[in-house]
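Remarks on the overall topology
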There are 2 protein chains.
Amino acid sequence: MKHEFHWSQYLDTNHQKFLSDFKEFLSIPSISTLPEHKEDIRRAAHWLSNKLSTCGLENVEILETDGHPVVYADWVHANNAPTVLLYGHYDVQPVDPIDTWDTPPFEPALKNGYIYARGANDMKGNVLLLIHACESYLETTGKLPVNVKFLIEGEEELMSPSLPKWLEENRGRLTCDFIANADAGQTDKRFPTIVTAVKGALGVTIDVITGPSDLHSGLAGGIVHNALHIMSELISSFHDKDTKISITGFYDDVLEPTKEERELCAQVPFNHDENIKRMFGVRDLIHEDNYTPAEVTWFRPNLAVHGLWGGFQGSGFKTIIPCEAHAKLSIRLVANQDPSDIFDKLERHIHEHIPTGVKVTVSEFGVGAKAYTLSESHPALRAADEALKSEMKAAPVHVRMGAAIPILATFKAILGVDVVTMGFGNGGNIHAPNEHQNLAMCYLGARTYARFFELLGTDGPVDH
Amino acid sequence: MKHEFHWSQYLDTNHQKFLSDFKEFLSIPSISTLPEHKEDIRRAAHWLSNKLSTCGLENVEILETDGHPVVYADWVHANNAPTVLLYGHYDVQPVDPIDTWDTPPFEPALKNGYIYARGANDMKGNVLLLIHACESYLETTGKLPVNVKFLIEGEEELMSPSLPKWLEENRGRLTCDFIANADAGQTDKRFPTIVTAVKGALGVTIDVITGPSDLHSGLAGGIVHNALHIMSELISSFHDKDTKISITGFYDDVLEPTKEERELCAQVPFNHDENIKRMFGVRDLIHEDNYTPAEVTWFRPNLAVHGLWGGFQGSGFKTIIPCEAHAKLSIRLVANQDPSDIFDKLERHIHEHIPTGVKVTVSEFGVGAKAYTLSESHPALRAADEALKSEMKAAPVHVRMGAAIPILATFKAILGVDVVTMGFGNGGNIHAPNEHQNLAMCYLGARTYARFFELLGTDGPVDH
């Protein structure tokens, strides 16, 4: 009991320390996708490595990749206990449209128990609570009940393009029993969640060129191709009226959910339509025929255009037939879709839908990722369930996530281990203006991970 | 013969003076649609009024409207001769995309007999050649063979929103027998042209809002409306596969061309498909079933999206479901379509094609204009034909224009007079980067207008 008293008391009495760290970390604009923030990415990595060293982690290193660096640290002196690799990312999404933020995205602001900043929810809070959980042991007893290895990357928001090669090269250093991934959230304190499946993803850019220059719409209107008309028709051609994707062969490899999986989905309280609408602040939901919105999120692939532009966007009017149109989109994949197969099918669809004489370029952005599913029988799930139940005082639910965490399938493929995804993001607006995070959930998250370590240490090595 | 010798010699020996004026005029960035160029618009008006005064025009004034000012001047001492109101505009289109200009748009550059600058072709060259034609008489004989009134406006590229009201208020000052409109071009020196019909126009902006903020596409993909998908479907819904417009009732009031009009269209040499393709630099033309591309330009209305945008347009990737999409488009109308009727039909179509729960705003930009057609029997056409034939040494053709000159129908409605449209724009890229104008055509244009004045003076008053 002395042991438990220590970490527990430490966590309950150090909220201000956590908050002060959190504000510092959030102040660094570590936007991985924008070249002008390259140095901020490095500042964030340095800040993290300092933090890890200070609280007693060992072998702390900033390790180079082909892109942004990985921050590594470990503590591996728990004999006969399992080794868990703690995964997270320190990079964040861009902040535009900047004028819709109520407070500056890199000046953390406290309001009603929430902290507002880019990265507060996705996922600097989650990274810090993992460290805080370790700190609670190392500062009180000088040791941890499990072996831990930290792998905090800087390219998750880019779909982790450099990590697979780096994992191959660093396999020796990364041996572990399983991976705990904290890049996830809690929808409702009453229903603690563990994520047992994530989608795959494929990013694509499309460029349409209809001629050498924009033309006067009075002279050329109705008789030359308009790049924006062609792009609009192309985007429309991707979906049927019921939002089903119209690309030939798109669903060939999709695993249909079982009756049991659909029942599990229906049982999750926050999967009800009204709760989903409230979460997104929208009046209506859409969904494929024969699937509820929650089932679409859990089991079905989707295609979304993230940006589209061409022609005159200034104030006033410019009467042109635009010769260029551009779009960025991504496809979220489910098991057993293969990203390169889907890219080929999409590319074929596009070429079939573009009139002759019009040039179209279809490019993959980054590296496509497969979906990942964790077996319900994985032993680490039991400790995670128990830790959540103990700290959040409610029975955990296992959910499938609509978002992609491209690296999970890669971890399984390269390191040969499974991933338990348990995160404590809670608040909202991730990838959007006014991102925010519930501070109480961070404190609960740190307690849950500390309890999880304790239970893993008690159980002995994971049988896998 | 002395008389003719004078204007003719003056024009042939003053090319450098014309060019020097032209360069000065083109250096003023009089972009009417961009608020930041408001003072440049006024500088252009001042430059013009100075020029008109210097060459002997009288009653030169910069007259205020509700928007950019009108430049007025006259010379009305030719007793028993008709009065022609010379119409033009001193405003120009925006210059973006600026990085595709080979030379800066407001630093006129000479190359192979062409002058490159925004406004060179549309229509500062045409305005100057009208003045130059008057100057050739006033500087040599001190008088003109016809009465002339100049009306040079600054809002043509905005669809002349303030001019109708100003015309109503200045009717007394503007009495005339007919109007000569120089806002047009010559496609080929071998086939001098007079424009006998222009289209009407209707500018529209569409804003689609699907929710309060962008959402993470991993969480919301496939289950909430994507503003760019909806806008793309909407734009696609405007046309059938054969480019015919799908808006209910859109063609109700369209006058079908007669057999004779279609024959005339087919006879015009530069109406052949290969010539049109060469002019626009495109590989393929499109057209409505049962109409040739030239017939589409001459007789058929069309709808063109000029700009479309929404979501993430930066470098890299941002995986959002965008909550906003925007488009600017215009419709070119033919006789007897009514702009406000067509706006209502478009608006109804849009509301019928937008899912419930999605907000859409449809706004008219400026004031819609009707199409205008000049009767083949108008007497001023005879003098114009003869002047063109005399100066360009070829038989003129009468063409119908795909572009809108919104003010022509308004002139007819408010001033009760017809409009002969004869311009000398020649070169290319109007409303586009690297706009340019053939200088030799400007000199020919000045001669043609001087000859036109002479013939009108000889014929006596126009019988209308």
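Residues numbered from 1 in each chain as written. Chains lettered and ligands numbered in written order. Predicted model: local features only at pLDDT ≥ 70, side-chain atom pairs only at ≥ 80, totals over all residues. Heavy atoms only, no water.

**Here we look at the packing of aromatic side chains**
Residues and elements named next belong to chain B. For the coordinates displayed, the defined rule picks out 26 aromatic pairs over all chains. Considering the side-chain rings of Phe 18 and Tyr 443, the 5.7 Å spacing of their centres and the 75° angle between planes classify their relative orientation as edge-to-face. Pair noted here: Phe 18 is in helix 2 (residues 15-26) and Tyr 443 is in helix 14 (residues 439-459), with a separation of 425 residues, a long-range link. Both residues of the pair, Phe 18 and Tyr 443, count as buried. When the ring of Tyr 449 is compared with that of Phe 452, the centres are 6.0 Å apart and the planes differ by 70°; the resulting orientation is edge-to-face. Of the two residues, Tyr 449 and Phe 452 are both situated in helix 14; the distance of 3 residues between them amounts to about one turn of the helix. The burial state of Tyr 449 is the same as that of Phe 452; both residues are buried. (Phe/Tyr/Trp six-rings, centres within 6.5 Å; stacked < 30°, edge-to-face > 60°. Helix = DSSP H or I, 4+ residues; strand = E, 2+ residues; numbered from the N terminus. Buried < 20%, exposed > 50% of the residue type's maximum accessible area, 1.4 Å probe, protein only.)

**A word on the relation of the copies chain B and chain A**
With an RMSD of 0.1 Å, the fit of chain B onto chain A corresponds to turning through 180° and sliding 0.1 Å along the axis. One copy is carried onto the other by what is essentially a two-fold rotation axis. The fraction of interface residues of chain B whose copies in chain A are also interface residues reaches 99%, indicating that both copies meet through the same surface. (Least-squares fit on C-alpha atoms with pLDDT ≥ 70 in both. Contact = heavy atoms within 4.5 Å.)

**What about the sheet that holds strand 4 (residues 109-111) of chain A?**
All names here are of chain A. An order of 4-5-18-17 is seen for the 4 strands of this open sheet, with the pairing classed as antiparallel. Each end of this open sheet is capped by a strand with a single partner; those strands are strand 4 and strand 17 (427-428). Taken together, the 2 bridges between strand 17 and strand 18 (residues 436-438) define a ladder with antiparallel strand orientation. Across the sheet, residue Gly 428 finds its bridge partner in strand 18, namely His 436. Against the sheet, helix 2 (residues 15-26) makes contact with strand 4, strand 5 (114-116) and strand 18, and its axis sits at roughly 20° relative to strand 5, the strand it touches most. Contacting strand 5, strand 17 and strand 18, helix 4 (residues 120-138) runs over the sheet at an angle of about 45° to strand 18. (Pairing = 2+ DSSP bridges. Axes fitted to C-alpha atoms, helices over the stretch in contact; angles between N-to-C directions.)

**Looking at the pattern of salt bridges**
Pairing of side chains with opposite charge becomes possible as their charged atoms draw close. Under the definition given, this model contains 50 salt bridges over all chains. Between Arg118(B) and Glu435(B) there is a salt bridge, and its shortest N-O distance comes to 2.6 Å. Of this pair, Arg118(B) sits in the loop between strand 5 (114-116) and helix 4 (120-138) while Glu435(B) sits in the loop between strand 17 (427-428) and strand 18 (436-438), and the two are 317 residues apart along the sequence. Like Glu435(B), Arg118(B) is buried. One salt-bridge network, in which partners are shared between bridges, spans Asp12(A), Glu391(A), Arg447(A), Arg451(A) and Glu454(A). (Salt bridge = Lys/Arg side-chain N within 4 Å of Asp/Glu carboxyl O.)

**Some words on unusual backbone geometry**
All names here are of chain A. Put simply, Ala 335 and Asn 336 share a cis peptide bond, and its omega is 5°. Positionally, Asn 336 belongs in the loop between strand 12 (324-333) and helix 11 (339-353). Within the chain, Asn 59 stands out as a residue other than glycine whose phi angle is a positive 50°. In this model, Met 159 sits at a positive phi of 75°, which is unusual for a non-glycine residue. Mapped onto the elements, Met 159 comes out in the loop between strand 6 (147-153) and helix 5 (163-169). A relative accessible area of 10% places Met 159 in the buried class.

Bear in mind that shape data such as this cannot, by itself, settle questions of function.
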